[in-house]
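Topology and contacts: notes
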Amino acid sequence: MGITEIRWHARAGQGAVTAAKVLAEAAMAEGGYVQAFPEYGPERMGAPLRAYNRISDAPLTMHCQVTNPNVVIVVDSSLMDTLDVTEGTPEAAVFLVNTTHTPEQIAKKIGRPADKVFTVDATQISIDCLGRPIPNTPLLGALARVTGLVKLETVLKDMKKTLGKKFPEKIIKGNAESVERAYKEVKGK
């Protein structure tokens, strides 16, 4: 597998930092070596932020920002109007975008091949399953399907463990439903 580097583009309050942690815990549960860390600008609700993951089958010795991600997850597609989400990515990078647009529409917007772009309406899924627009957990389900970095079952188990420390069973159940639904509904390739 080598090293897979992931960059998350989101706004504060959308759960990208939590999602990066859940992904790291799931990958670690499957025997991987992991890192998960955020990069904040001004710390206020709605401010743009980045979160990162490194996942490897060998010990990780670098401890620096991810500058050349293999996978980019865009939690808030409005950020694509002001940020270059392709910055530093190799041609083979995979893009997962929370949007109502098709992979072809997003590929054209960011100038990448459509077979490397995947879309899912994670916001609507979270509204349907949780009653609130928090797209982080649905994106974990879509990511599991698109990349195969972690198994869906492992994501569900670690998401339940992480969220179980802070939230009631109803919220955990809604999040699990949103993960499974996004896994099925992600579009691309």
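This report concerns the structure included in the present document. Because the structure is a prediction, the values reported are computed rather than measured.

**A few points about the overall build of the protein chain**
- Tallying secondary structure elements over the protein chain gives six helices and six strands in all.
- The linear arrangement of helices and strands in the protein chain, starting from the amino end, is β-α-β-β-β-β-α-β-α-α-α-α.
- The globule rule puts the C-alpha radius of gyration for 189 residues at 16 Å, and the 15 Å found for the protein chain is close to it.
- Structurally, the protein chain occupies a C-alpha span of about 40 × 40 × 35 Å along its principal axes.
- Across the 189 residues of the protein chain, 49% fall into the buried class.
- The contacts in the protein chain between residues at least 6 apart in sequence include a share of 62% that link residues at least 24 apart.
- Roughly 9,100 Å² of accessible area belongs to the protein chain as shown, and the carbon and sulfur atoms make up 52% of that amount.
- Counting 24 positive and 21 negative side-chain charges, the protein chain places the averaged centre of each group 3 Å from the other.

**Some thoughts on the environment of Met45**
- In this fold, Met45 is placed in the loop between β2 (33-40) and β3 (48-56).
- Spatially, the C-alpha atoms of Met45 and Glu91 are 33 Å apart, while their sequence positions differ by 46 residues.
- Aside from chain neighbours lying at most four places away, what touches Met45 is Ala12 and Gly13.

**Topic: the nonpolar core**
- Core analysis: the biggest nonpolar cluster contains 43 residues, and Ile6, Trp8, Leu23, Ile73, Leu96 and Val120 have the highest contact counts within it.
- Here the element with the most residues in this core is helix α1 (residues 16-29); it accounts for eight residues.
- With residues up to four places along the chain from it excluded, the contact list for Val120 reads Leu96, Val97, Asn98, Thr99, Ile125, Leu139, Ala142, Ala182, Glu185 and Val186.
- Grouped together as the second largest cluster of nonpolar side chains are eleven residues, Val85, Ala93, Val97 and Val117 included.

**Focus: the sheet that holds strand β5 (residues 94-98)**
- In spatial order, the strands read β2-β3-β1-β4-β5-β6; together these six strands make up an open sheet with mixed pairing. A strand with exactly one partner marks an edge of an open sheet, and here the two such strands are β2 and β6 (117-120). Averaged over neighbouring strand pairs, the angle between their axes works out to 15° when direction is ignored.
- Running at roughly 125° to β6, helix α2 (residues 103-110) makes contact with β5 and β6 of the sheet.

**Some remarks on unusual backbone geometry**
- Here Lys189, not a glycine, exhibits a phi torsion of approximately 50°, which is positive.
- Tracing the backbone shows Lys189 in the segment after α6 (169-185).

Definitions and limits used
Each chain has its residues counted from 1, running along the sequence as written. Whole-chain, interface and lining totals are the exception, using all residues; otherwise, since this is a predicted model, local features are given only for residues with pLDDT of at least 70 and side-chain atom pairs are given and counted only at 80 or more. Hydrogens and waters are ignored; side-chain quantities use all the structure's heavy atoms. Each helix is a run of DSSP H or I of at least 4 residues and each strand a run of E of at least 2, with the numbering of both proceeding from the N terminus. In this setup the radius of gyration rests on C-alpha atoms only. A globule is expected at 2.2 Å times the number of residues raised to 0.38. Think of it in three bands: with a 1.4 Å probe and only protein chains considered, a residue is buried below 20% of the maximum accessible area for its type, exposed above 50%, and partly exposed in between. We call two residues in contact when some of their heavy atoms are within 4.5 Å. Values of accessible area rely on a 1.4 Å probe in the Shrake-Rupley scheme; residue burial ignores everything except the protein chains shown. All tallies of charge rest on Lys and Arg as positive and Asp and Glu as negative; His and the ends of each chain are not included. In this description, the location of a charge corresponds to atom NZ of lysine, CZ of arginine, CG of aspartate or CD of glutamate. Residues grouped as a nonpolar core are buried Ala, Val, Leu, Ile, Met, Phe, Trp, Tyr and Cys residues, joined through side-chain atoms within 4.5 Å. Pairing between strands requires that DSSP locate at least two bridges from one strand to the other. In this description, a line fitted to the C-alpha atoms serves as the axis of each element, helices being fitted only across the stretch in contact, and the angle between N-to-C directions of two axes falls anywhere from 0 to 180 degrees.

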